Amino acid sequence: MAIDLYNPCEPFRAYNRIEGRPREEELDDALAAKINDPLWMLARQFQFGELKGEDAGSAIFAKAAINTVRMTSFTGGNGQKVPYSEVIPLETQVERLIPDIDLKLAAKLGKKFYAFLEIEGGSAPASAGYSSGMYKDLLNKRFPFEVPVINESDTAQEAAAKARTLSLQQASSFLRAMAGRAINGRGLWIELGGVFTGVNAWVLPSNQLPSGPKFINSKHQTIFQEAAKKWIAFVKEELNLPKDDEDDSWFKERLEYSFKTSVDEGNGSETDLKSDEYFQGHLDWYSFDVSKQMNGGVKVFDDTIRKREVLTVIPSEASFAGMPNSRWWEMEDGSIDLGNLKASDTDIAKILVTQYALQYSNDWLAIPYEIATGSFVEVEGVLVRDTFGQNYLVEAAHKDGESWNEWNMYSLSVDTGEFKIPEFDKRILLPASSAKTLESESIEEIKFIRDEMANMVWGIESRIPDGLGGGMDGYEAANNLKAEFERMIQEDEVPEELVLPEVNLNSQENKANTYKPQLKYQLGNTVGENWIPFIAVHQNGSNREIHFQRASMPRINELFEPHAVRPRTQLLREGINELDNQLTPLYINEEEIPRAGAKLTGTYQRTRWYNGKIVSWYGRRKRTGRGEGSSGLRFDLVLENKE
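Rules used in this analysis
- Residues numbered from 1 in each chain as written.
- Predicted model: local features only at pLDDT ≥ 70, side-chain atom pairs only at ≥ 80, totals over all residues.
- Heavy atoms only, no water.
- Phe/Tyr/Trp six-rings, centres within 6.5 Å; stacked < 30°, edge-to-face > 60°.
- Helix = DSSP H or I, 4+ residues; strand = E, 2+ residues; numbered from the N terminus.
- Buried < 20%, exposed > 50% of the residue type's maximum accessible area, 1.4 Å probe, protein only.
- Lys NZ or Arg CZ within 6 Å of the ring centre and 35° of its normal.
- Patch = residues over 30% accessible without salt bridge, like charges linked within 9 Å, V, L, I, M, F, W, Y side chains within 5 Å.
- Areas by Shrake-Rupley, 256 points an atom, 1.4 Å probe, with all protein chains shown as cover.
- Salt bridge = Lys/Arg side-chain N within 4 Å of Asp/Glu carboxyl O.
- Core = buried A, V, L, I, M, F, W, Y, C linked by side-chain atoms within 4.5 Å.
- Axes fitted to C-alpha atoms, helices over the stretch in contact; angles between N-to-C directions.
- Parallel < 35°, antiparallel > 145°, perpendicular 65-115°, else oblique.
- Contact = heavy atoms within 4.5 Å.
- Pairing = 2+ DSSP bridges.
- Arc of directions from axis to C-beta.
- Polar contact = N/O pair within 3.5 Å; in protein donor to acceptor, adjacent residues only side chain to side chain.
- Lys, Arg positive; Asp, Glu negative; His and termini not counted.

Here's the deal with the packing of aromatic side chains
- Per the counting criterion, the structure on display carries 23 aromatic pairs.
- Aromatic pair Phe-116 and Phe-234: ring centres 6.3 Å apart, planes at 65 degrees, arrangement edge-to-face. Within this pair, whereas Phe-116 is found in helix α4 (residues 103-123), its partner Phe-234 is found in helix α9 (residues 221-239), the two being separated by 118 residues in sequence.
- For Phe-116, a relative accessible area of 16% corresponds to the buried category.
- Put simply, the rings of Phe-113, Tyr-130, Tyr-135, Phe-143, Trp-189, Trp-202, Phe-215, Phe-224 and Trp-231 pair up and form one aromatic cluster.
- One residue, Lys-112, lies across the ring of Phe-234, its end atom 5.0 Å from the ring centre.

Written out as structure tokens, the structure reads:
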């Protein structure tokens, strides 16, 4: 074979295109692709490469070996490992928090407790002496709905707490309507503390009349205990409450959830799946990392724990809704619109899907296999037989011991340490998460921004709870509270007669001075009361690392001495009691509030689980903010005197 050394390039080859040459004005006939001409059909098949020989047959038979293990335990924020259960979705178990019981919910819970009490009392023997309605008024007085009244003896913090409730106009109207008419379930829940034996403190000693906190006849103690037991179980199931504040998986310093689950490998070893930074609002496989694998034990697998199955099927063509048919002359439905595919050179995902649908769709096959939720599944390999009788073993693209940067999908990262080569677990995780949830409007919303001019971070309460189970605009609430304080300021009494001192108008001291200074000094300005400051402080035991600590702006008015402005959202009030006294400080890690900021929302969510049960819970979600901001807070101002 001779080689031209002066022209080593391949020669140019031109291909003729087989296309119609219509002689009519309209192209309908030419584009109709009629099949009444066999030669035309053969030409089209030749044009599309269907007559070109390929040394490959079609897959007609496949076997797949699949290993399955299940999650066995769950570890939340309290660090206690509990058995894994799918009574509720896993994301509900992770996200659920103890919400602040609003007034409507308090009335509903109080009514429910009274209904349980009437049922238990009605089923009690006649010797107990229980009659219907005998404790209704006593319960209304013991756990009332009260409209707060600001007294002269109240401290500034106590008056501010009452003024916040009065500034919520709809909530105040609801309190006035329910006062003396209903049982406050919120107060009942706080006093019982989730323990039904708390009703023992209400039992009267023998031969005494109801007074103060004691109002239950000793004969009816068992009736109240049974009613309280059922009521507490109802509240926990209705709201999907964790056992206590320490049982939830929310870490306030990081503004995200953290938890882990464990998988028993069936050979004496256990694998931990951790999720240290979950805040997206939807729990899926990508939320997990393989934390550690405790090897050891026997190599023989326990069949009751580790399930291995060999599946024999006829593979089917992989497809998706709206994908064009792989054969050119096959009829398609109206959902396909290839002309509507508009992708730029940066839309890599759309280009890949389009190329797959148009060129390689008949090269991909699917083997359906159902797995249970909470499973960790490994495909050992797939054996495929084609029409020529040849068998091919299909293995994973990423194999153990090969380079870590090879292509893989749905693989979990293995936590190997900061300075070690990353590893991946080839298995597929299917967590027990809900497919679709309904989410309420934001009950609370906080926007964290960095203010470089003031050198601090602000937590802006853009939405706060309205006291009736919803949310309201934080700026509007701040203005309403300011108006409530202005309403309380009493005007000074004006005397009926004014006695003016005698003034010598001819004296030099009493002559009018027409000079007005052009400038004036102002100590500082202020910001809206829904702007909560966070200042940078050193972490304990470190001279370099800092975190943000919740601070407060002063509220100054004529009624009270200067006092701290407290937040109104549940998240930012962490460590502050109802009387606005700070019991513990609140810290947020510096890295959780980047220059882009962060937005945190609290909502109620509702879903239907696969067993038909309706599940509701209160949780939080974190999103990226909109960048830096400025509060306009300044000190030592020299301003133009316009007075």
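Here the narrative resumes, following the displayed structure.
Focus: a nonpolar patch on the surface
- A contiguous nonpolar surface patch, about 460 Å² in accessible area, is contributed by Trp-407, Met-409, Tyr-410 and Ile-428.
- Look at Ile-428 and you get partly exposed, because its relative accessible area is 38%.

Some thoughts on the nonpolar core
- One finds Leu-139, Trp-202, Phe-224 and Trp-231 to be the most contacted residues of the largest nonpolar core, which totals 44 residues.
- Going through the elements one at a time, α4, α7 (169-178), α8 (185-192) and α9 are the ones with two or more residues in this core.
- Membership of the second largest hydrophobic core comes to 39 residues, among which are Phe-74, Val-94, Trp-250 and Ile-593.

Here's the deal with the packing of helix α6 (residues 156-167) against α7
- The N-to-C vectors of α6 and α7 enclose an angle of 90 degrees; their axes lie 5 Å apart at closest approach. For the element pair α6 / α7, the angle class is roughly perpendicular. On the side of α6, the interface is formed by Thr-165, Leu-166 and Ser-167, while α7 contributes Gln-169, Ser-172 and Leu-175.

Topic: the pairing of strand β26 (residues 614-624)
- Sheet topology note: the strand β25 (residues 598-608)/β26 ladder contains 11 bridges and is antiparallel. Residue Thr-601 lies in a different strand from β26, and its bridge partner there is Arg-621.
- Counting the residues in the hairpin turn of β25 and β26 gives 5 residues, including Gly-612, whose phi is positive at 90 degrees.

Some thoughts on α8
- Residues of α8 that are buried: Gly-185, Leu-188, Trp-189 and Leu-192. Along the axis of α8, the buried residues cluster in a sector spanning 95 degrees; they form a single face.
- Taken together, the buried residues of α8 touch α4 and α9.
- The N-cap of α8, judged by a side-chain oxygen 3.0 Å from the amide nitrogen of Arg-186 a few residues on, is Asn-184.

Topic: the side chain of Arg-550
- Its place among the elements puts Arg-550 in strand β21 (residues 546-550).
- Buried within the structure, Arg-550 lacks any salt-bridge partner; Glu-574 is the closest side chain of opposite charge, at an N-O distance of 7.3 Å.
- Engagement of the side chain of Arg-550 in a polar contact is seen with the backbone oxygen of Glu-574, the distance being 2.8 Å.
- A distance of 3.1 Å separates the side chain of Arg-550 from the side chain of Gln-582, its partner in a polar contact.

What about the side chain of Ser-442?
- Its place among the elements puts Ser-442 in the loop between β15 (438-439) and β16 (444-451).
- Look past the residues within four positions of Ser-442 in its chain and what remains in contact with it is Arg-463, Gly-471, Thr-601, Gly-602 and Thr-603.

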